[in-house]
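The primary structure of each chain is shown beneath.
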Amino acid sequence: YLVQNAQLNKCGENLKPYNLDGRKFIRQLKENNILYHHVIMNLPATAVEFLNAFRGWSPPKDHPDHRPMVHVHCFESKNEEEAENSAMDRCEKALGCMFENRNDVTIHVVRDVSPNKNMLCVSFRLPSGVINLENIDDAECNGEDEIPPSKKARLEE
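Below, the structure is looked at part by part.

Rules behind the numbers
Residues numbered from 1 in each chain as written. Predicted model: local features only at pLDDT ≥ 70, side-chain atom pairs only at ≥ 80, totals over all residues. Heavy atoms only, no water. Pairing = 2+ DSSP bridges. Helix = DSSP H or I, 4+ residues; strand = E, 2+ residues; numbered from the N terminus. Axes fitted to C-alpha atoms, helices over the stretch in contact; angles between N-to-C directions. Contact = heavy atoms within 4.5 Å. Buried < 20%, exposed > 50% of the residue type's maximum accessible area, 1.4 Å probe, protein only. Arc of directions from axis to C-beta.

Read from one edge of the open sheet, 4 strands run 1-2-4-3, paired in mixed fashion. Here the strands that pair on one side only, and so sit at the sheet edges, are strand 1 (38–41) and strand 3 (106–114). Across the sheet, the mean angle separating the axes of adjacent strands is 25 degrees when strand polarity is ignored. Where strand 3 lies against strand 4 (residues 117–125), 7 bridges are found, and the strand directions are antiparallel. Note on strand 4: the bridge partner recorded for Arg111 is Met119. Each of strand 2 (69–77), strand 3 and strand 4 touches helix 3 (residues 80–95); the most contacted strand, strand 2, lies at about 130 degrees to it.

Written as structure tokens, this is what we have:
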């Protein structure tokens, strides 16, 4: 449907749909020296864990100062201050570096998902600190992108 919607909305060459694993997709963009401006990671149960794919990221050779905007969806508590701090902490941990300025990070509620939980979108410019980090390959992820424990089948009563 994305391709059909892109045609209906006359997006032309401005939208290039892909269907790949998140980590492989990020690596493919780098290998092909593709310039991109926004990354939308909209699977709230696991999106934050995929941020480690940006470790060792570097800008395209012909745009050395470029850093894309990243929009990560995640679940957090209803307590606004606690949720914002937790979401930013989780993003920084997965990225392996701190945000340059937490005031430049924007967080908004996407929707109410339960009596105790909201879905949030955390938006930030990719920190330059990821450039100095070592790449993480799929084997090093130790299953971080597997189904979260809260979604695994319950084996004991």
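Another point: the environment of Val113. With respect to the element layout, Val113 can be found in strand 3. Distance from Val113 to Phe75, taken between C-alpha atoms, is 8.5 Å for residues 38 residues apart in sequence. Leaving out residues up to four positions away in the same chain, Val113 has contacts with Phe75, Asn118 and Met119.

You will see that Lys10, though not glycine, has its phi angle at about 55 degrees, which is positive. Among the structural elements, Lys10 can be located in the loop between helix 1 (2–8) and helix 2 (22–31). Judged by relative accessible area, Lys10 falls into the exposed class, the value being 75%. Not every positive phi belongs to a glycine, and Asn33 is a case in point at roughly 55 degrees.

Topologically, Phe124 is positioned in strand 4. We classify Phe124 as buried; its relative accessible area is 1%. Measuring from C-alpha to C-alpha, the distance between Phe124 and Thr106 comes to 6.6 Å, with 18 residues separating the pair along the chain. Setting aside anything within four residues of it in sequence, one finds Phe124 in contact with Leu51, Pro68, Met69, Val70, Val72, Cys91, Leu95, Phe99 and Val105.

Attention shifts here to the pairing of strand 1. Residues of strand 1 alternate between two faces, with Val39 and Met41 buried on one and His38 and Ile40 left unburied on the opposite face. As defined by bridge partners, strand 1 adjoins strand 2 across 4 bridges and the pair is classed as parallel. What sits directly across from Ile40, in strand 2, is His71.

Arg23, Ile26 and Leu29 are the residues of helix 2 that are buried. Each buried residue of helix 2 sits inside an arc of 130 degrees when the element is viewed along its axis, so together they form one side. Just downstream of helix 2, Asn33 is the residue with a positive phi angle, here 55 degrees.

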